[in-house]
Amino acid sequence: MCIPMASFFEWTLHRYLMHKPMGKFTYPFERHALVHHQIFKADHTYHLIREEDKKTIPMAWWNGPVLIAVGQIPFLAAAILSGKWGLLCGSVLAASVYYGAYEYMHWCMHLPRRRNVERSGIFFRLNGHHLLHHRYMHKNFNVVLPLADLCLGTLLVRSKVRFQQPQDPVVPNVQPKMKRKTAGAMELS
């Protein structure tokens with residue numbers, strides 16, 4: 001699975017399985033939208049408050065292998081048809097790295113500890129991107145690479161309205177930009 005394709009896979013999974021119940025298959029929706037988003041909101045609760053909620057940050061241990069396997073279906077077909085098994089091997093490797101990056105960054109976003117990755121500009125921007133997802137659950141579905149959000153019209157760079165966002169060095173200000181209206185008066189953009 002190439003990295004841009006993984007962005008679209010993540011977006012599709014997040015939007016259609018984790019934010020909408022799919023018939024009788026409600027596990028992803030319940031665990032994510034009803035549990036994770038109720039514990040971690042876009043205010044001070046964006047970061048872990050109660051130790052017992054730590055287990056709700058990552059996906060269940062078995063989700064990674066299942067998601068990686070499901071993502072391999074088109075690459076397995078391509079490998080069988082072409083006889084080029086390197087396609088499948090490369091895809092498994094790329095999907096595994098992407099999933100690992102997703103889980104690690106998501107963990108760091110909700111449980112910041114001043115890790116090296118948290119000091120990077122990329123993480124800073126992605127953390128703001130994810131914070132906005134917790135404010136607007138129909139926006140910013142990507143955690144690792146917001147390419148699909150950009151291409152599919154769900155990218156939100158700043159909040160539409162002011163809100164009480166968490167204050168922390170690893171969380172950017174995602175409030176609406178203020179622009180000058182007249183001398184001494186400010187207006188939200």
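Going by the structure above, here's the rest.
What counts, and at which threshold
Residues numbered from 1 in each chain as written. Predicted model: local features only at pLDDT ≥ 70, side-chain atom pairs only at ≥ 80, totals over all residues. Heavy atoms only, no water. Helix = DSSP H or I, 4+ residues; strand = E, 2+ residues; numbered from the N terminus. Buried < 20%, exposed > 50% of the residue type's maximum accessible area, 1.4 Å probe, protein only. Contact = heavy atoms within 4.5 Å. Areas by Shrake-Rupley, 256 points an atom, 1.4 Å probe, with all protein chains shown as cover. Lys, Arg positive; Asp, Glu negative; His and termini not counted. Charge placed at Lys NZ, Arg CZ, Asp CG, Glu CD. Phe/Tyr/Trp six-rings, centres within 6.5 Å; stacked < 30°, edge-to-face > 60°. Axes fitted to C-alpha atoms, helices over the stretch in contact; angles between N-to-C directions. Parallel < 35°, antiparallel > 145°, perpendicular 65-115°, else oblique. Left-handed = near helix turned anticlockwise from the far one by under 90°. Nonpolar A, V, L, I, M, F, W, Y, C, P; charged D, E, K, R; others polar.

(A) Representation of the overall build of the protein chain. If you tally the helices and strands in the protein chain, you get 7 helices and 2 strands. Reported as C-alpha extents along the three principal axes, the dimensions of the protein chain are approximately 70 × 40 × 40 Å. Considering the protein chain as a whole, with its 189 residues, one finds that 43% of them fall into the buried category. For the protein chain, the proportion of contacts with a sequence separation of at least 24, taken over those separated by at least 6, is 56%. When the accessible area of the protein chain is evaluated, it comes to approximately 10500 Å², of which 67% is carbon and sulfur surface. Taking the 23 positively charged and 11 negatively charged side chains of the protein chain as two groups, their mean positions are separated by 7 Å.

(B) Fine view of the packing of aromatic side chains. In total, this model carries 3 aromatic pairs according to the counting rule given. Ring centres 5.8 Å apart and planes at 85° place the aromatic pair Trp-11 and Phe-141 in the edge-to-face group. Placement of the pair is Trp-11 in helix α1 (residues 3-16) and Phe-141 in the loop between α6 (121-135) and α7 (147-151), with a sequence separation of 130 residues. Judged by its relative accessible area of 6%, Trp-11 falls in the buried class. Note on Tyr-27 and Trp-62: the rings are 5.3 Å apart at their centroids and 35° apart in plane angle, and the pair reads as tilted. One end of the pair, Tyr-27, is in helix α2 (residues 27-39); the other, Trp-62, is in the loop between α2 and α3 (63-71), with 35 residues separating them in the sequence.

(C) Local environment of the packing of α1 against helix α5 (residues 86-110). Across the interface, α1 lies against α5 with an axial gap of 10 Å and an inter-helix angle of 55°. Considered as vectors, α1 and α5 are oriented oblique to each other. Both α1 and α5 take part in a crossing whose hand is right-handed. Every residue of α5 that contacts α1 at Ile-3, Ala-6, Ser-7 and Glu-10 is listed here: Ala-94, Tyr-98 and Tyr-102. Counted by class, the contact of α1 with α5 contains 5 nonpolar, 1 polar and 1 charged residues.

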